[in-house]
Amino acid sequence: MHLGGSLSPAPIVGALVLIALAPLGVRGQDGCELGDRGNDVVNIQTLPGIGQVTYITRPHFVCEGGVQIFADSAIAYGEQGMSHLIGGVRYLESARELRADEARYFTNEGRLQAEGRMSLRDDEQGSSIQNGDLVYLLETDFRDESTMTVTIGADGLRPRAILTPAEPEEVPEDTTAETDSSLVVDSVVSPEAEEAVPPVAPEAPADTLPPTPYTVDSDRMFIEGQGSFTASGGVEIVRDSLFAFGDSAVYDQAGGGLLLEGSARVEGEAYQLIGRTISMGAPGAAVSEVRARREARLVGDGFELTAAQIVLFLRDDALERL
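Asks: Report on a negative patch on the surface, specifying residues and quantitative values.
Replies: Together, E139, D144, E145 and E224 make up a region of like negative charge exposed at the surface. As for its position among the elements, E145 is in the loop between β12 (133–137) and β13 (147–151).

Asks: Break down the pairing of strand β17 (residues 228–239) for me, citing the residues and quoting the values.
Replies: It is a general feature of regular strands that their side chains alternate between the two faces of the sheet. In this sheet, β17 lies alongside strand β15 (residues 214–217) in antiparallel orientation, the contact comprising three bridges. The residue bridging D217 from the neighbouring strand is E236, located in β17. Here five bridges tie strand β16 (residues 220–224) to β17, and the two strands are oriented antiparallel to one another. When the bridges of β17 are listed, E224 appears paired with S228. Sheet topology places β17 next to strand β18 (residues 242–252); ten bridges connect them, and they run antiparallel. In the sheet register, S232 faces β18, and the bridge partner there is S248.

Asks: Let's hear about the environment of S263: which residues, and what values?
Replies: In this fold, S263 is placed in strand β19 (residues 258–267). Spatially, the C-alpha atoms of S263 and D247 are 6.3 Å apart, while their sequence positions differ by 16 residues. With residues near it in sequence (within four places) discarded, S263 still touches F245, G246, D247, G275 and R276.

Asks: Now, about the pattern of salt bridges: what can you tell me, with residues and values included?
Replies: Summed over the entire model, instances satisfying the criterion amount to 17 salt bridges. A single network of salt bridges, built from pairs that share partners, joins R90, E97, R99, R121 and D123.

Asks: Which residues make up the nonpolar core, and what values do they have?
Replies: Counting 56 residues, the largest nonpolar core has M118, V216, I237, L260, V266, L298 and L312 as the members making the most contacts within it. Tallying contributions element by element places strand β22 (residues 303–315) first for this core, with five residues. Ignoring any residue separated from it by four or fewer positions in sequence, one finds V266 in contact with L242, F243, A244, L260, Y271, Q272, L273, I278, M280 and V290.

Conventions used here
- Residues numbered from 1 in each chain as written.
- Predicted model: local features only at pLDDT ≥ 70, side-chain atom pairs only at ≥ 80, totals over all residues.
- Heavy atoms only, no water.
- Patch = residues over 30% accessible without salt bridge, like charges linked within 9 Å, V, L, I, M, F, W, Y side chains within 5 Å.
- Areas by Shrake-Rupley, 256 points an atom, 1.4 Å probe, with all protein chains shown as cover.
- Salt bridge = Lys/Arg side-chain N within 4 Å of Asp/Glu carboxyl O.
- Lys, Arg positive; Asp, Glu negative; His and termini not counted.
- Charge placed at Lys NZ, Arg CZ, Asp CG, Glu CD.
- Helix = DSSP H or I, 4+ residues; strand = E, 2+ residues; numbered from the N terminus.
- Pairing = 2+ DSSP bridges.
- Contact = heavy atoms within 4.5 Å.
- Core = buried A, V, L, I, M, F, W, Y, C linked by side-chain atoms within 4.5 Å.
- Buried < 20%, exposed > 50% of the residue type's maximum accessible area, 1.4 Å probe, protein only.

Structural data, given as structure tokens:
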């Protein structure tokens with residue numbers, strides 16, 4: 001999975017497969033073995049009707065590529081192909097870290113579950129997800145693409161994602177020259193104006209601003225493969241002084257933009273933009289764009305504008321022109 005770059009728990013699978021399938025303390029085919037920190041007690045028992053069960057106190061697993069996994073305890077059910085990590089679960093791999101109170105891995109299904117104060121962080125990309133219960137379905141010979149779903153957990157806290165767009169390579173070209181009907185304003189032009197003011201190209205900024213992260217709260221988050229992030233259920237988004245709402249939101253990981261769908265709304269300090277869909281683009285540029293489509297409506301102090309499409313150009317999240 002990627003969030004603003006590369007948040008991926010896939011290497012967890014190799015380590016947990018070892019717990020479920022291989023004799024502990026012996027290096028397995030997946031390149032994992034018991035480490036030298038913890039593993040205070042390793043107890044293997046055979047239980048009637050269950051089969052081999054392995055208990056570990058303070059497990060520490062070391063895997064190829066520098067991956068390490070810690071927990072307060074672990075129980076592996078060999079015949080069922082299920083491993084249960086309990087308390088203080090911590091997964092480390094390069095710049096990524098997963099934490100949770102509990103985690104379970106189901107070998108035959110290729111499914112990893114984590115719950116209880118769950119957090120997934122990528123320090124290199126500055127992206128993260130926290131809160132909620134996580135279900136990760138890895139790519140297997142019967143599943144073409146991995147997926148990850150985060151939903152509201154037992155504590156009632158909604159999942160929250162911090163999405164940091166990549167640095168822009170160059171300032172996007174000005175789009176006002178595409179139409180002669182653009183309204184260019186220092187203060188908002190009245191919709192009753194008889195003639196549209198000719199477009200005026202903005203001054204070229206000296207350089208671009210660093211990308212501002214999006215903070216996304218929703219009831220459910222879904223990540224598919226390497227390029228798709230969707231939030232649904234009462235989506236709320238904050239970026240600096242900009243607030244956005246919708247029934248669902250799709251994050252463009254390559255371009256860093258957001259598409260709000262269903263009862264979409266964006267609120268700035270002096271305006272409110274409403275539409276069936278609203279796209280927010282060019283977050284790293286000095287001038288960014290917010291575009292409302294279908295039943296678009298712009299409301300401000302003493303004015304209201306309706307149109308099939310309304311495009312706002314923001315500088316530092318403040319309305320500059322439309």
